[in-house]
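An overview of the molecular structure
Listed here are the chains, written in short residue letters.
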Amino acid sequence: MRYDLQIIASWIEPGSKVIDLGCGEGDLLQHLISNKGVQGTGIELNEEKVARCIEKGLSVLQGDINEEVHDYPEGRFDYVILSQTLQQVFQPDELIRAMLRMGRKGIVSFPNFSHWQIRLQLLFSGYAPVSRQLPYQWFDTPNIRVITLKDFRRFVHDVGLKVLKEAAIDTHTQDRYGSMVQWFPNLRATYGIFMIGGSEGA
Amino acid sequence: MSEYIHHDKDRVSVGVVAKQYFSFAAPPGEMVLESGARLGPVVIAYETYGALAPDRRNAVLVLHALSGDSHVAGYYSADDEKPGWWDCMVGPGKGIDTDRFFVICANVIGSCMGSTGPSSMNPATGRTYGLDFPVVTIGDMVTAQRALVDHLGIDRLLCVVGGSIGGMQVLEWCVRYPERVAAAIPLATTMRHSALAIAFNEVARQSIMADPNWNHGDYYDGAKPALGLAVARMIGHITYLSDESMRHKFGRRLQDKSDFSFNFDADFQVESYLRYQGRKFVDRFDANSFLYITKAADYFDLGKQHGGGSAVKALSKARARFLVISFTSDWLYPTYQAKEIVKALKKNGRDVSFCEIEAEWGHDAFLIPGERLPMLIRGFLERVHHGGAE
């Protein structure tokens, strides 16, 4: 399983109720169900991936996460996970608010755009940065937002929520291995992972 | 639903099966229908496949669509030319694995394939019911199936599964008898017919009733309303296909000729196909049953019947885990109708999976052999079987 998903999994209490938005082929859900006894479900847009999930015996809905998040009862889940998808979301504030309506805590991970390599690329080459975490050209990228760890912290504060936990990690997109970044995370981390909750402390 | 009955390409089959009959509701204990009318005795034709486990927790009830019957899989004899209507799904190692599950399929009441319907004998008069047969609902069909499930000694069904009108019965089961259904798979179905679906059914019914041989439903001693029923079937067939599948299957190709006939014979392949389907249907199906079952489907409205007009409230009664499936080219029961089911289940906090399968075959897609649907059903059944009840 991807390194960032391993970190996310380690944050989840055994036996809790979890939904994974953009769950792909369900690796994280399967891991959480087998190892932590969670009640897990997921939403995924791609039919092929949804089918893989259901074939594995996972409970997964095909649909657009921006629409699907609205039908759940308040507080239906303990954790709502959005991994490596925030940078593709059209209205992040709406989605994050919906996440914290349907769940008590949200867990969000995304590639850090202020990594030193990205900074240097822009500074020296003058072209829009292309990295292993964001491997697209400006004209074909699905990633419509660039976010840094600092940006996200400020955003969470501005929308009236609270960061409950955070991790800065150095890993590659599909890599099983990585490490935690303690010093200068905004400069050295390739990904950030945040657990967020309502401002009352969730 | 159309017929897509082919031998399994790998020759895998449940083998020879036999139709069985269960009779109940003998007077004075008749079944009270939703309309308030009484019906009895009631006979249900059914078939079973595989073995019931000692704990009786592996029963899967398959529910058929408009023109289907209890013969879901296998053959009636060693030299039978056609297997059951969902042979590609039900059998050893298939999507609904008869090595592991006890599969039941029953003909709906109102039909003509062995269960009590308008072509059965009315014990009160000694004659065929005809239009004296009371109008039955999807709820009545399900109530009758419950009597059969009781008779088989099954307290709780592992799963109810069906497409189209069979899918309506799946939803009805989940709401009417929630404690008796652990899991449900409504396929290519809806919680209520759109005006478009009712309109097609009405044109089909009018075609039957306009046939002089129909004689207000009293035709069992003479000529059948064959032309009316054939046209009704042709209309149905159009709604089961899609623009894309018809383009691929027929296009504008001509049937056995290189130019137009300049008369009203069947020139185009699509005309010839529809005429053939219509003729074939007349041999095996009763025109009055067609009227009754299409009417039951048009009346079906899960929210109105069970939730005071609210589908969310109706499905709040359900306790099953759900796998909802729609098909991209199904314009009779389009994906938005499946999504309404999913939405109502989500609002109730139910465990629901949903997949919209890319398929060009229109409404009929659920009957056509393919890889995707059996794999989904297999994975889902595996989970509910092992995961136990919620």
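The rules behind each value
Residues numbered from 1 in each chain as written. Chains lettered and ligands numbered in written order. Predicted model: local features only at pLDDT ≥ 70, side-chain atom pairs only at ≥ 80, totals over all residues. Helix = DSSP H or I, 4+ residues; strand = E, 2+ residues; numbered from the N terminus. Rg over C-alpha atoms; globule rule 2.2 N^0.38 Å. Buried ≥ 20, exposed ≤ 12 C-beta atoms within 10 Å, placed from the backbone. Contact = placed C-beta atoms within 7 Å. Nonpolar A, V, L, I, M, F, W, Y, C, P; charged D, E, K, R; others polar. Axes fitted to C-alpha atoms, helices over the stretch in contact; angles between N-to-C directions. Parallel < 35°, antiparallel > 145°, perpendicular 65-115°, else oblique. Left-handed = near helix turned anticlockwise from the far one by under 90°. Expected span 1.5 Å × (residues − 1). Pairing = 2+ DSSP bridges. pLDDT = per-residue confidence, 0-100.

1. Some details on the overall build of chain B
- Tallying secondary structure elements over chain B gives eleven helices and 14 strands in all.
- For a compact globule of 390 residues, the expected C-alpha radius of gyration is about 21 Å, and chain B comes in at 20 Å, within 12% of that figure.
- In terms of overall dimensions, chain B has a C-alpha envelope of 65 × 50 × 50 Å along the principal axes.
- Looking at the 390 residues of chain B, the share that counts as buried comes to 53%.
- Within chain B, residue pairs in contact and separated by at least 24 positions form 73% of the contacts whose partners lie at least 6 positions apart.

2. Remarks on the overall build of chain A
- Looking only at helices and strands, one finds eight helices and eight strands in chain A.
- Radius of gyration (C-alpha) of chain A: 16 Å, near the 17 Å computed for a compact globule of 202 residues.
- Projected onto its principal axes, the C-alpha coordinates of chain A cover approximately 50 × 40 × 30 Å.
- A buried classification covers 43% of the 202 residues belonging to chain A.
- Put simply, 64% of the contacts in chain A that link residues at least 6 apart link residues at least 24 apart.

3. Focus: the interface of chain B and chain A
- On the side of chain A, 15 residues touch chain B, which itself brings 21 residues to the contact.
- Of all the elements in the fold, those that place two or more residues in the side of chain B that touches chain A are α10 (335–347), β14 (352–357) and α11 (372–387) of chain B.
- By residue number, the principal contributor to the side of chain B that touches chain A is α11 of chain B, which donates seven residues.
- Split by residue class, the side of chain B that touches chain A holds nine nonpolar, three polar and nine charged.

4. Here's the deal with helix α6 (residues 116–125) of chain A
- When you tally the buried positions in α6 of chain A, you get one out of ten residues, a small fraction of the element.
- G126 of chain A sits one or two residues past α6 of chain A and shows a positive phi near 80 degrees.

5. Details of the packing of helix α3 (residues 195–209) of chain B against helix α4 (residues 226–240) of chain B
Residues and elements named next belong to chain B.
- Running from amino to carboxyl end, α3 crosses α4 at an angle of 165 degrees, the nearest separation of the two axes being 7 Å. Relative to α4, the element α3 lies roughly antiparallel. The interaxial crossing formed by α3 with α4 has right-handed handedness. Judged by residue contacts, F200, V203, A204, S207 and I208 of α3 engage G228, L229, V231, A232, I235, G236 and T239 from α4.
- Class assignment of the residues belonging to the contact of α3 with α4 gives a composition of eight nonpolar, four polar and no charged.

6. Description of helix α2 (residues 165–176) of chain B
All names here are of chain B.
- Look at α2: 16 Å from first C-alpha to last across twelve residues, which is about the 16 Å you get at 1.5 Å a residue.
- Most of α2 sits inside the fold, with eleven of its twelve residues counted as buried.
- Here α2 has its buried residues at I165, G166, G167, M168, Q169, V170, L171, E172, W173, C174 and V175.

7. A short note on the environment of K94 of chain B
- By the secondary structure assignment, K94 of chain B is in the loop between β6 (90–91) and β7 (96–97).
- When the C-alpha positions of K94 of chain B and I377 of chain B are compared, they lie 9.5 Å apart, and in sequence the two are 283 residues distant.

8. Details of the pairing of strand β11 (residues 159–163) of chain B
Residue and element names in this part refer to chain B.
- Judged by how many residues are buried, β11 sits mostly within the fold: five of five residues are covered.
- Here four bridges tie β11 to strand β12 (residues 183–187), and the two strands are oriented parallel to one another. Looking across to β12, one finds that V160 is bridged to A184.

9. Some remarks on the environment of A189 of chain A
Residues and elements named next belong to chain A.
- Along the chain, A189 turns up in the loop between α8 (185–188) and β8 (191–198).
- Overall, A189 belongs to the buried group, with 25 C-beta atoms counted inside 10 Å.
- Along the chain, A189 and D170 lie 19 residues apart, while their C-alpha atoms are 4.9 Å from each other.
- With near-sequence residues (within four places) excluded, A189 lies in contact with N112, H115, L149, A168, I169, D170 and V181.

10. Here's the deal with the confidence of the model for chain B
- When pLDDT is averaged along chain B, the result is 95; 98% of the residues meet or exceed 70.
- Scored as a whole, the predicted complex attains pTM 0.94, and scored at its interfaces, ipTM 0.92.

11. Let's talk about unusual backbone geometry
All names here are of chain B.
- A cis amide bond, omega 10 degrees, links P27 with the succeeding residue P28.
- The phi torsion at S164 lies on the positive side, around 60 degrees, for a residue other than glycine.
- Located in the positive-phi region is H216, a residue other than glycine, with phi close to 55 degrees.
- Turning to its location among the elements, H216 is positioned in the loop between α3 and α4.
- The exposure class assigned to H216 is exposed, which follows from the 8 C-beta atoms found within 10 Å.

12. Remarks on the packing of α4 of chain B against helix α6 (residues 269–284) of chain B
Residue and element names in this part refer to chain B.
- Taken N-terminus to C-terminus, the directions of α4 and α6 make an angle of 125 degrees; their axes are 8 Å apart at the nearest point. When the axes of α4 and α6 are compared, the pair comes out oblique. In this structure, α4 meets α6 at a crossing whose hand is right-handed. In this structure, α4 uses A226, L229, A230, V231, R233, M234 and H237 to contact α6, whose residues at the interface are L274, Q277, G278, R279, F281 and V282.
- Taken together, the residues of the contact of α4 with α6 break down into eight nonpolar, three polar and two charged.

13. Describing the environment of P27 of chain B
- One can find P27 of chain B in the loop between β1 (20–24) and β2 (31–32).
- P27 of chain B sits 14 residues away from P41 of chain B along the chain, and the two C-alpha atoms are 6.4 Å apart.

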